[in-house]
Amino acid sequence: MFRLIWAFLVRDFRTELSYRLSFLLSFSGIFFSAFTFFFVSELFGAAASPYLEDYGVDYFSFVIIGIAFNGYFTLGLAGFARALRESQTTGTLEAMVMTPVPVSMIVIGSATWSYVFTTIRVIIYLLLGTLLFTLELEGANFLGALVSLILSILAFASIGIIAAGIIMVIKRGEAITALFSSFASLVGGIYYPVEILPSWLQVISALLPVTYAVRAMRLSLLVGASWSELMPDLLVLLAFTIVLFPTSLVVFRYAVERSRKDGSLTHY
Amino acid sequence: METAIETKQLTKRYERSASWRSISRYKGTTAVVDVDLLIEEGELFGLLGPNGAGKTTLVKMLCTLIAPSKGTATVAGFPLSDSGSIRSSVGLVVSDERSFYWRLSGKRNLDFFAAMHNLRGSEAEIRIREVLSLVDMSADAEKPFSNYSTGMKQRLAIARSLLHKPRLLFLDEPSRSLDPKATSRLHELINQLNIEENTTIFLITHDLAEAESLCQRVAVMNQGQIQVVGEPSSLRRQLRPKQQYAVKVGKLDPEVFASIRNILPEVAIESTNGHENLQFQAGEEDGILADLLTCLHDNQVTVYGIEGYPPTLEEVFAHFTAQERFEDESSQQKAGADV
């Protein structure tokens, strides 16, 4: 399986690199985003501090973690569906399906480069934050952050695989995933603590895995939280994974069979 | 000899989906109806049919891309339910140049698909070199796919389908969009695969000359059904056992006319520019042509030329597709009259 994933990575990296200018410019957004939020943080100054007591940091350090790791949520939600649709529209899906590799592996493999790319962006965000701005990661619980990341990716990916299955049947659904992604950005604690939201929105935010993922990441990296302090969020992420992951496999399998039945597996 | 493909009542019906569209008149469509086929290993088999006959749907069912509604099939010895084994044993070539990664070279495209077929390291490299050599693409392998001509793209598609040494190769109109030279090279390759590698070839084509020159047996498909299966020569004889003749002679006297009509009551005689053209059908062994030539000789009629036209595959194709079209139009007219 790892050899197969590597083949997908090599394919997509080479394709990405063939668009040299676009590849280089894709990183420029990180700089603009980081600088923008740095100056916003300068604007708020100490006024934001009461809301960030749990983390003991300024707004910039708080938000840069959210922005960096939100990439995984957005990717998880839309990445698999996008990979599937791209292979349908480019006509490569049929060629791939004519190999012994299951459709589920094709979709996962096709999204792998996006995860690698997102990880590179996260590293750049963190490096930028520590080298140029006020982000401090001394005392961070990096292992805790890694476990949080893995559970987050699994939970987000499960939602994404469900979305890919739905899109395989209905063929278009980017608007739905985009709406969901935007809503999660609003109430998921990406740009501000969820505690400042009205109570009814906090209820909704408690239902989203991104809320726990971002909080666990911040506690790990900014506070150096211990395992016992991380456990509540990690357990919720684990619960999301246990429920969503098998569900996603069932939904996706159904979608593939349905598409084979109506002959639309490679249609778009 | 082992069986490469066997189908029993293979059917595909696309049902009307239960949705708001149910208020429309669309009642679903049956693309493939009760297809029974038996193709032996090592055969070069052709499937002919007009557009919309169900040929591609049939092939996609055999490749497990589409699930059948009814019936069974075994492909390369595996039932359709064993899609992994079937896909490991067959190759599919479609005339879709979009099925490659245009920003990558031909070689890098094959690297990826070799990995998809679980070919590794030096094994993959050797096999890729072999298939590139087979399709005469070795010199162009490092060029971006986007720079390839249509013929080169098609050859790369064939190379890709051969990476895993399939026992059975499906070719869906492989010579469409190819020029005559490229088509000729393709035909040489198909024959080479069939003869030297004993690969079973299932060829979908509109080109009757291609089917006639390549295929050991052909099937004609129309409106989802197999109309006829057989060797091209036997199908031709089955449709029209006799050969069509055209004999060009000098002017004929009334007495000679009468003699000829005695021999050939249904002869068609056409006068042009001082000559007579006699058109008739005769079998190879019924002696009618010999009798006619003897009559002409005895009456000192000059024979300027004799041409024989054996029944063609085109006639077979037209017969089995036009008949159903006629019946279809008749039923549509009748339905319109009823409304």
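Given the structure is predicted, the values throughout are model-derived calculations rather than measurements.

K.L.:
How would you summarise the overall build of chain A if you had to cite specific residues and measurements?
P.N.:
Along its length, chain A carries eleven helices and zero strands. When the helices and strands of chain A are listed from N to C terminus, the series reads α-α-α-α-α-α-α-α-α-α-α. Taking 268 residues into account, the globule formula puts the C-alpha radius of gyration at 18 Å, and chain A, at 19 Å, falls close to it. Counting only C-alpha atoms and orienting by the principal axes, one finds that chain A spans roughly 60 × 40 × 30 Å. Looking at chain A residue by residue over its 268 residues, the buried ones come to 44%.

K.L.:
Requested: an account of the overall build of chain B, with residues and values cited.
P.N.:
Helix and strand counts for chain B come out as eleven helices and 14 strands. Taking 339 residues into account, the globule formula puts the C-alpha radius of gyration at 20 Å, and chain B, at 26 Å, lies well above it. With respect to the principal axes defined by its C-alpha atoms, chain B has extents near 85 × 60 × 40 Å. Looking at the 339 residues of chain B, the share that counts as buried comes to 37%. Put simply, of all contacts in chain B between residues at least 6 apart along the chain, 73% involve residues at least 24 apart.

K.L.:
Please give an account of the nonpolar core that cites residues and values.
P.N.:
In terms of nonpolar packing, the biggest core is built from 150 residues, with Ile64 and Ala164 of chain A together with Phe202 and Leu203 of chain B touching the most fellow members. With 18 residues, helix H4 (residues 59-89) of chain A is the single largest residue contributor to this core. Beyond its immediate sequence surroundings of up to four residues, Ile64 of chain A is in contact with Ala34, Phe37, Tyr125, Gly129 and Leu135 of chain A. Core analysis: the next-biggest nonpolar cluster, separate from the first, contains ten residues, Val247, Ile260, Leu278 and Leu296 of chain B among them.

K.L.:
Give me the lowdown on the confidence of the model for chain A, citing residues and values where you can.
P.N.:
Looking at chain A as a whole, the pLDDT averages 89, with 100% of positions reaching at least 70. When mean pLDDT is compared element by element in chain A, helix H10 (residues 209-223) of chain A scores highest at 94, while helix H8 (residues 174-187) of chain A scores lowest at 83.

K.L.:
Please give an account of the sheet that holds strand E11 (residues 243-249) of chain B that cites residues and values.
P.N.:
By way of backbone hydrogen bonds, the strands of a sheet pair with one another, either parallel or antiparallel. Residues and elements named next belong to chain B. Here we have four strands laid out as an open sheet, ordered E12-E13-E11-E14, and antiparallel in their pairing. In this open sheet, the two edge strands, each paired with only one partner strand, are strand E12 (268-272) and strand E14 (303-309). Averaged over all pairs of adjacent strands, the angle between their axes in this sheet comes to 20°, without regard to strand direction. Pairing between E12 and strand E13 (residues 275-282): five bridges, direction antiparallel. Residue pairing across strands places Thr272 opposite His275, the latter belonging to E13.

K.L.:
Account for unusual backbone geometry, naming residues and giving values.
P.N.:
Residue and element names in this part refer to chain B. Of note in this structure, Asn118 is not a glycine but carries a positive phi near 65°. Within the secondary structure layout, Asn118 lies in the loop between helix H3 (106-116) and helix H4 (121-134). Exposure remark for Asn118: the 15 C-beta atoms within 10 Å place this residue in the partly exposed category. In this structure, Lys165 is a non-glycine residue whose phi angle is positive, near 55°.

K.L.:
If you had to explain the interface of chain A and chain B to someone new, which residues and values would you point to?
P.N.:
Chain A puts 23 residues into the contact, and the matching count from chain B is 23 residues. Of all elements in the fold, only helix H1 (2-18), helix H5 (92-97) and helix H11 (227-261) of chain A reach the threshold of two or more residues within the side of chain A that touches chain B. Broken down by element, the side of chain A that touches chain B gets its largest block of residues, seven residues, from H1 of chain A. Tallied by class, residues from the side of chain A that touches chain B come to nine nonpolar, seven polar and seven charged.

K.L.:
Quick rundown of the environment of Leu10 of chain B? Include the residues and the values.
P.N.:
Residue and element names in this part refer to chain B. Of note, Leu10 is situated in strand E1 (residues 3-14). For the pair formed by Leu10 and Val35, sequence separation is 25 residues and the distance between their alpha carbons is 4.8 Å. In contact with Leu10, other than residues within four places in its own chain, are Val32, Val35, Met61, Pro68, Gly71 and Ala73.

K.L.:
Which residues make up the environment of Val135 of chain B, and what values go with them?
P.N.:
Residue and element names in this part refer to chain B. Looking at the secondary structure, you find Val135 in the loop between H4 and helix H5 (150-162). The buried category is assigned to Val135, around which 20 C-beta atoms lie within 10 Å. Spatially, the C-alpha atom of Val135 lies 6.4 Å from that of Ala159, the residues being 24 residues apart in sequence.

K.L.:
Describe the sheet that holds E1 of chain B, naming the residues involved and giving the relevant values.
P.N.:
Residues and elements named next belong to chain B. Strand order in the open sheet made by the four strands is E2-E1-E4-E5, with antiparallel pairing throughout. Every other strand in the sheet has two partners, leaving strand E2 (29-40) and strand E5 (78-79) as the edge strands with one partner each. Note: strand E4 (residues 70-75) against E5, two bridges, orientation antiparallel. Paired with Val75 across the bridge in E5 is Phe78. Of the strands in this sheet, E1, E2 and E4 touch helix H1 (residues 55-62), which is tilted by about 60° from E2.

K.L.:
So what about the domain arrangement of chain B? Which residues, and what values?
P.N.:
For chain B, the domain assignment lists domain 1 (3-237) and domain 2 (241-309). Look at where the C-alpha atoms of domain 1 of chain B and domain 2 of chain B centre, and you get two points 47 Å apart.

K.L.:
Mind laying out the packing of H4 of chain A against H8 of chain A, listing which residues take part and the relevant values?
P.N.:
Residues and elements named next belong to chain A. H8 packs onto H4 with a crossing angle of 165° between their chain directions and a minimal axis gap of 10 Å. Relative to H8, the element H4 is oriented roughly antiparallel. Where H4 crosses over H8, the two elements pack in a sense that is right-handed. Here H4 contributes Asn70, Phe73, Thr74, Leu77, Ala78 and Ala81 to the contact with H8, which in turn contributes Thr177, Phe180, Ser181, Ala184 and Ser185. Taken together, the residues of the contact of H4 with H8 sort by class into six nonpolar, five polar and no charged.

K.L.:
Summarise H1 of chain B; cite the residues concerned and give the values.
P.N.:
Of all eight residues making up H1 of chain B, eight are buried, and the element is well covered by its neighbours. Those residues of H1 of chain B lying buried are Lys55, Thr56, Thr57, Leu58, Val59, Lys60, Met61 and Leu62 of chain B.

K.L.:
Run through the pairing of strand E10 (residues 225-230) of chain B, naming residues and quoting values.
P.N.:
Residue and element names in this part refer to chain B. Of the strand pairs in this sheet, strand E9 (residues 217-222) and E10 are connected by five bridges, and their pairing is antiparallel. Across the sheet, residue Ala219 finds its bridge partner in E10, namely Val229. Turn length for the E9-E10 hairpin, with the two strands adjacent in sequence and antiparallel, is two residues, and the turn residue Gln223 shows positive phi of about 50°.

K.L.:
Tell me about the packing of helix H7 (residues 142-170) of chain A against H11 of chain A, and please be specific about residues and values.
P.N.:
All names here are of chain A. Interaxial distance between H7 and H11 falls to 7 Å at its minimum, and their mutual angle equals 25°. Viewed along their axes, H7 and H11 adopt a mutual orientation that is roughly parallel. Every pair of crossing elements has a handedness; the one defined by H7 and H11 is left-handed. Each residue belonging to the contact of H7 with H11 can be placed in one class, and the counts come to 24 nonpolar, nine polar and one charged.

The rules behind the values
Residues numbered from 1 in each chain as written. Chains lettered and ligands numbered in written order. Predicted model: local features only at pLDDT ≥ 70, side-chain atom pairs only at ≥ 80, totals over all residues. Helix = DSSP H or I, 4+ residues; strand = E, 2+ residues; numbered from the N terminus. Rg over C-alpha atoms; globule rule 2.2 N^0.38 Å. Buried ≥ 20, exposed ≤ 12 C-beta atoms within 10 Å, placed from the backbone. Contact = placed C-beta atoms within 7 Å. Core = buried A, V, L, I, M, F, W, Y, C linked by C-beta atoms within 7 Å. pLDDT = per-residue confidence, 0-100. Pairing = 2+ DSSP bridges. Axes fitted to C-alpha atoms, helices over the stretch in contact; angles between N-to-C directions. Nonpolar A, V, L, I, M, F, W, Y, C, P; charged D, E, K, R; others polar. Domains from an automatic or database assignment. Parallel < 35°, antiparallel > 145°, perpendicular 65-115°, else oblique. Left-handed = near helix turned anticlockwise from the far one by under 90°.

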